[in-house]
Amino acid sequence: MEELIKITGLCKQYMSREVLKDVSFSLKKDMILGLVGPNGAGKTTVMKTLGGLIMPTSGTVELFGESSPKGLAHSRSRMCFMIETPYAKQNMSARENLEKLRLQKGIPDKSRIDRALELAGLTDTGKKPVKDFSLGMKQRLGLAGALLSQPEIMILDEPINGLDPEGIVEIRELLLKLNREEHITLMISSHILSEMALMCTDYVFIRKGRVIENISAEDLKRRSHEYFLIRADKNDMVPAVLQNKLGITDIEVDKDGSVRVFKGFSDIRLISKTLFDNGIVPLELHLNDADLEKYYMDLVGENGEEGGDNV
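Only a predicted model underlies this, so the values are computations on that prediction, with no experimental measurement involved.

Undergrad: Just to check I follow, could you spell out the sheet that holds strand β4 (residues 58-63) for this structure?
TA: Strand pairing in a sheet takes place through backbone hydrogen bonds and is either antiparallel or parallel in direction. Spatial strand order, β2-β1-β4: 3 strands in an open sheet with antiparallel pairing. Sheet topology places β2 (17-28) and β4 at the edges, where each strand pairs with a single neighbour. Averaged over all pairs of adjacent strands, the angle between strand axes in this sheet comes to 15 degrees, irrespective of strand direction. Strand direction decides the pairing type here: strand β1 (residues 3-14) and β4, joined by 5 bridges, are antiparallel. Residue pairing across strands places K6 opposite E62, the latter belonging to β4.

Now the structure itself:
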């Protein structure tokens, strides 16, 4: 797939505080990339850097293959950003707000308002003032404003934060529609992994300003299924013994050397005995039925970080 955004070695430091530390990942065409992490992890800082609101201390950002100041500025015209809560005149209707925004952005084509309202599901709001909108409707109005410029990429910071269940479903369905039907590539930050799992094609997990995992939704789903976790005194020998002695092939080795045995085998006692008989001492061997939430907590730790992510 075509690479639209490439971040390499991105660092940001305020005085003695490191907010981002060697962050690297890419966003490819048609992806829905979930930038996931606890509050204070650095998600918003990454997005503000992409939007040109923050200058990095070091590292590079490429947008549509451009990295020069002029090239980045031009590329950002092909993107939209919802990093702060969208502003709207509360006594004006959705259409009136979009007309005001269209003029501010210098967009000559008035028909874009109708298209944006249609995409956001706000065509029936008529003259209803924004002050009477639900929070979900206000968020959809913010997305409609972003759609006026016909972006190829949308960067959204916590678009479902604070919404009720109905509002969350509305935003989720809208974002999926924009991706699948309008072919808009999305980067979404959130700490609500259960919702992200229903949308994202890929994930970047970030903690304390560092990328701790970059994984596709397919691989994440696989790793969140039921499996045996094995840690032994000779981790490097475990896969070969399991394959040669027990015919187990659905195996994955973690970065720390521990081994995951997936579907197709259920006798934990036979695994333990086979390892021991081949000179390997199992130090930890148990069934793990982790879901996506537990996978997330295993990555970021039980408590995450304190404080907000608003720098």
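And the narrative resumes.
Undergrad: Explanation requested: the sheet that holds strand β13 (residues 282-288) in the structure shown.
TA: Strand order in the open sheet formed by 4 strands is β11-β12-β10-β13, and the pairing between neighbours is antiparallel. What marks the edges here is a single partner per strand, and that holds for β11 (251-253) and β13. Between one strand axis and the next, the sheet turns by 20 degrees as a mean value, whatever way the strands run. The pairing of strand β10 (residues 227-232) with strand β12 (residues 259-261) spans 3 bridges and is antiparallel. Bridged to I230 within β12 is V259.

What counts and how
- Residues numbered from 1 in each chain as written.
- Predicted model: local features only at pLDDT ≥ 70, side-chain atom pairs only at ≥ 80, totals over all residues.
- Heavy atoms only, no water.
- Pairing = 2+ DSSP bridges.
- Helix = DSSP H or I, 4+ residues; strand = E, 2+ residues; numbered from the N terminus.
- Axes fitted to C-alpha atoms, helices over the stretch in contact; angles between N-to-C directions.

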